[in-house]
Amino acid sequence: AVQGVPAAVWQLDRSGRLVWANGAYLKAVEAPTLAAACAGAASIDPVAEADGRAATAGQGSIKTRTVTVAGQRRVWRIIHTPLPDGATGLAFDITEEVEGLDSARREVAAHVETLNILTDAVALFDARRRLRMANSAFAALWGIDPAILDERPTLSEVIDILRARDLLPHEKDITGWKERQLAAYGEAGPLPDEMWPLPGGQILRVAKKRLPDGGLLI
């Protein structure tokens, strides 16, 4: 079964020498056969070789590194686990995952840069009700430290922060009001704009829009 998995799997003896590996490992180290790989003590790279020796001494490791596989630079997560008679290694390619995260981060940064041009306060919450991004006007409107927003609070937590600072409309049933705000995620149909009279005398027009990915734009 191990031979068929896409992850590279290998085993080292007590001295740190390669004694077994699956096909994915042989391909990664460009060895034609297991015998050739063992005879040449083939390893992914010097760092993996050192980590393997450390694992045989009882020091396991989990590392994410860029390695060269078949002439291509790839991002691998490499795990070494100590065993009574040596150590075992596991490595799998996470290049697409990392590139996807980097792309998402760049996309978010571009959206934030665009939103920061707006004078309207804008906050975007994801499908789990956690803040995905907020522009500078949103932080300025409520006087919230941007560092707090960087922690990605939930919509419920943002409401609690504003309530604690007496920045929300004075409602007799504040719990029911909060529940209505959170219900915007699950309600069907359009979301009407709301007028929020704030304790400081301001009146806000609050517009909400559901997003195709289950998020909410406010």
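**Considering the overall build of the protein**
- Per the secondary structure count, the protein includes eight helices and eleven strands.
- Sequence separation of 24 or more characterises 37% of the internal contacts of the protein that already satisfy a separation of 6 or more.
- By element, 55% of the accessible surface of the protein is carried by carbon and sulfur atoms, the whole surface being about 12700 Å².

**With respect to the packing of helix α7 (residues 155-164) against helix α8 (residues 174-182)**
- At their nearest, the axes of α7 and α8 sit 10 Å apart, and the two run at 145 degrees to each other. When you trace α7 past α8, the crossing you get is right-handed. Along the contact surface, α7 presents Leu155, Ser156, Ile159, Asp160 and Arg163, while α8 presents Ile174, Trp177, Lys178, Gln181 and Leu182.

**Focus on the sheet that holds strand β11 (residues 216-217)**
- Taken in spatial order, the four strands make up an open sheet running β7-β6-β11-β10, and their pairing is antiparallel. On the outer flanks of this sheet lie β7 (131-134) and β10 (209-210), each paired with one strand and no other.
- Sheet topology note: the strand β6 (residues 123-125)/β11 ladder contains two bridges and is antiparallel. Considered in β11, the bridge of Phe125 is made with Leu216.

**Overview of the pairing of strand β9 (residues 203-206)**
- Burial along β9 is one-sided: the residues Leu204 and Val206 are buried and none of Ile203 and Arg205 is.
- Summarising the sheet, strand β8 (residues 194-197) and β9 pair through four bridges and their orientation is antiparallel. Paired with Met195 across the two strands is Arg205, which belongs to β9.

**Topic: the environment of Ile148**
- Structurally, Ile148 can be placed in helix α6 (residues 146-150).
- Placed ten residues apart in sequence, Ile148 and Val158 show a C-alpha to C-alpha distance of 9.6 Å.
- Apart from the residues lying within four places of it in its own chain, the contact partners of Ile148 are Pro153, Ile161 and Arg165.

**Concerning the confidence of the model for the protein**
- Looking at the protein as a whole, the pLDDT averages 84, with 87% of positions reaching at least 70.
- When mean pLDDT is taken per element in the protein, β8 scores highest with 93 and helix α4 (residues 95-115) scores lowest with 61.

**Let's talk about unusual backbone geometry**
- Here Arg129, not a glycine, exhibits a phi torsion of approximately 70 degrees, which is positive.
- Tracing the backbone through its elements, the reader meets Arg129 in the loop between β6 and β7.
- Residues other than glycine seldom take positive phi values, yet Arg152 does so here, at roughly 55 degrees.
- Looking at the element boundaries, Arg152 is found in the loop between α6 and α7.
- Judged by relative accessible area, Arg152 falls into the partly exposed class, the value being 31%.

Here is what the cut-offs are and how they apply
Residues numbered from 1 in each chain as written. Predicted model: local features only at pLDDT ≥ 70, side-chain atom pairs only at ≥ 80, totals over all residues. Heavy atoms only, no water. Helix = DSSP H or I, 4+ residues; strand = E, 2+ residues; numbered from the N terminus. Contact = heavy atoms within 4.5 Å. Areas by Shrake-Rupley, 256 points an atom, 1.4 Å probe, with all protein chains shown as cover. Axes fitted to C-alpha atoms, helices over the stretch in contact; angles between N-to-C directions. Left-handed = near helix turned anticlockwise from the far one by under 90°. Pairing = 2+ DSSP bridges. Buried < 20%, exposed > 50% of the residue type's maximum accessible area, 1.4 Å probe, protein only. pLDDT = per-residue confidence, 0-100.

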